[in-house]
Structure formats: C-alpha cells, structure tokens
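# Observations on the model geometry
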Amino acid sequence: IAGAVTCIVIGLFNPEGIVIVLTSAAAASVGGTSGFAWGPPRTRVGAGDSDALNALRCARGMIASITELNRERSSRNEPPIQVSVGLHYGQVVLGDIGLNRLEFAVIGTTVNAASRLEALTREFGCAIVVSDALVQQARVEPNHSSTDFVSLVEQPAQTIRGLEQPVGVWTCAN
C-alpha cells in the first residue's frame, strides 16, 4: 500500500534499559530508534484528516511526558531519559516484509528523511525537528489552531542525505 502519511522517528536513550511506552500509538525500542506512522490504510471516512497535526501534537505530548518522568527520576537520583523526535510528511510504502518471518514495515524516502531529521535534534539541541512539509500540511488540516505552531521556530533549510533539495525545518522549543 502506498500513500501519504506522517512519519515520526523517535530516538530513545535510557541508561537503565527500562522499556517505557510513550503513548498507546507507539512503543519505542530502548537504546535505539523506532518509527511509526499516521495515515493509510484508511478504514473509515474522514480517517487521516489530521494526520500531520496529530503527529505534531503526539510528539509534543511525548516530550512533555518524558520531561515529567525525568523530574520524578531526578528526585530519586536516577539518570534522565533522553528522547528525540523527527517528523516528516510524504509518500511511503507499507506492508509485510520478509522471507522467513514477516514483519510489518513502513519504508521509503519519507521514513529515511524523518530518521535524519531526528538526528538533527542533536545539532539543534532540541527534542523535536519537524520538516516544513509536515508543518504546511498541519496548517491546512481541520481543527488546527495557532497554539499548535507557537513553539515552532523556523530554521535554515538543511541538506538531508537521500533528498535532492534542502529541506525546510522547524525546531520545537523544549
């Protein structure tokens, strides 16, 4: 199945190796990178009307939850958990992949770009990096408000390996 979806890639570093479910929408693999997508397959009328907006809100919610969890961990003298998120919007291919063991996967340039945006969080010193494609899509989706974009800061376009043109990026103030 191919279609336009929102891709999020999450980098999660947990020094104690504890698995933490960030939201019901996704569980991140500890110490590595995981990705998930909003969008197809469409199972109901109106599904996907706010995929980009939902991804942006979800990413902010995850960071807020981890921030609160880190406050609790700090009071117990435990090291913080670091989470970083890359968000991108575009075409992907999704389905079962594998020969001996099938795994559901989402692949394509959009997924790769989201992964590379997540890596930019370290360069920008922030928790969330969002592509301009996602921001523009979220702005035209129903139910958005100006508060959805108030903490986003536009950055210079970035060269992303695998993409022909530089990508406009936004960071989310921590």
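We now turn to the structure provided with this report. Positions within a chain are numbered from 1, following the residues in the order the chain's sequence is written. Per-residue local features are limited, in this predicted model, to residues with pLDDT of at least 70; the limit for side-chain atom pairs, both in listing and counting, is 80 or more; totals at the level of whole chains, interfaces and linings are taken over all residues. Side-chain numbers here rest on the full set of heavy atoms in the structure, without hydrogens or water.

On to the overall build of the protein chain, then. Counting its regular elements, the protein chain contains three helices and seven strands. Here a strand is any run of E in DSSP of at least two residues, a helix any run of H or I of at least four, and the numbering for each starts at the N terminus. The linear arrangement of helices and strands in the protein chain, starting from the amino end, is β-β-α-β-β-α-β-α-β-β. Residue burial in the protein chain is summarised as follows: out of 174 residues, 42% are buried. Within the protein chain, contacts between residues at least 6 apart in sequence are counted, and of these 67% link residues at least 24 apart. A 1.4 Å probe and the Shrake-Rupley method give the accessible areas. Residues count as covered only by the protein chains that appear here. Roughly 9,300 Å² of accessible area belongs to the protein chain as shown, and the carbon and sulfur atoms make up 52% of that amount. Residue burial is assigned from relative accessible area. The probe radius is 1.4 Å, only protein chains are included, and a residue is buried under 20% of its type maximum, exposed over 50%, and partly exposed in between. Contacts between residues were defined by any pair of non-hydrogen atoms, one from each residue, lying within 4.5 Å.

With that settled, consider the nonpolar core. We define the nonpolar core as a collection of buried residues of types Ala, Val, Leu, Ile, Met, Phe, Trp, Tyr and Cys that are connected through side-chain atoms lying within 4.5 Å of one another. Within the largest apolar cluster, 23 residues are counted, with the highest numbers of intra-cluster contacts made by Leu56, Val85, Leu87, Ile128, Val130, Leu134 and Leu152. Where this core is concerned, the elements lending two or more residues are α1 (51-75), β3 (82-97), β5 (128-131), α3 (132-140) and β7 (167-172). In terms of residues, this core owes the most to one element, α1, which gives nine residues. Not counting the four nearest positions on each side in its chain, valine 130 is found in contact with Leu56, Leu87, Val135, Leu152, Gly168, Val169 and Trp170. Counting residues in hydrophobic clusters, the runner-up holds seven residues, among them Leu120, Cys126, Val129 and Val167.

Locating alanine 119 in the fold gives a position in helix α2 (residues 109-124). Owing to a relative accessible area of 36%, alanine 119 belongs among the partly exposed residues under this scheme. Between the C-alpha atom of alanine 119 and that of serine 84, which follows or precedes it by 35 residues, the distance is 8.1 Å.

Here we take up a nonpolar patch on the surface. Taken together, the side chains of Val93, Ile97 and Ile107 present a nonpolar region at the surface, about 240 Å² in accessible area. According to the relative accessible area criterion, isoleucine 107 is partly exposed, its value standing at 43%. Residues form patches when they are more than 30% accessible in relative terms and have no salt bridge. Like charges link within 9 Å. Nonpolar side chains (Val, Leu, Ile, Met, Phe, Trp, Tyr) link within 5 Å. Any Lys or Arg side-chain nitrogen located within 4 Å of an Asp or Glu carboxyl oxygen qualifies as a salt bridge.

Bringing the side chain of asparagine 70 into the picture now. Structurally, asparagine 70 can be placed in helix α1. On the basis of relative accessibility, which here comes to 16%, the residue asparagine 70 falls in the buried class.

Between side chains of opposite charge, pairing is possible as soon as their charged atoms come close. Counted under the stated rule, the structure contains five salt bridges. The partner of glutamate 78 in a salt bridge is arginine 73, with the nearest N and O atoms 3.6 Å apart. For arginine 76, the salt bridge is made with glutamate 78, and the minimal N-O distance between the two is 3.0 Å. Residue arginine 76 is classed as partly exposed on the basis of its relative accessible area, which comes to 44%. A residue is classified by how much of its surface remains accessible, and glutamate 78, at 26% relative accessible area, is partly exposed. Through salt bridges that share partners, Arg73, Arg76 and Glu78 make up one connected network.

This brings us to the environment of arginine 57. With respect to the helices and strands, arginine 57 occurs in helix α1. Here arginine 57 falls in the partly exposed class, since its relative accessible area comes to 35%. Distance from arginine 57 to aspartate 148, taken between C-alpha atoms, is 7.4 Å for residues 91 residues apart in sequence. With residues near it in sequence (within four places) discarded, arginine 57 still touches Asn143, His144, Ser145 and Asp148.

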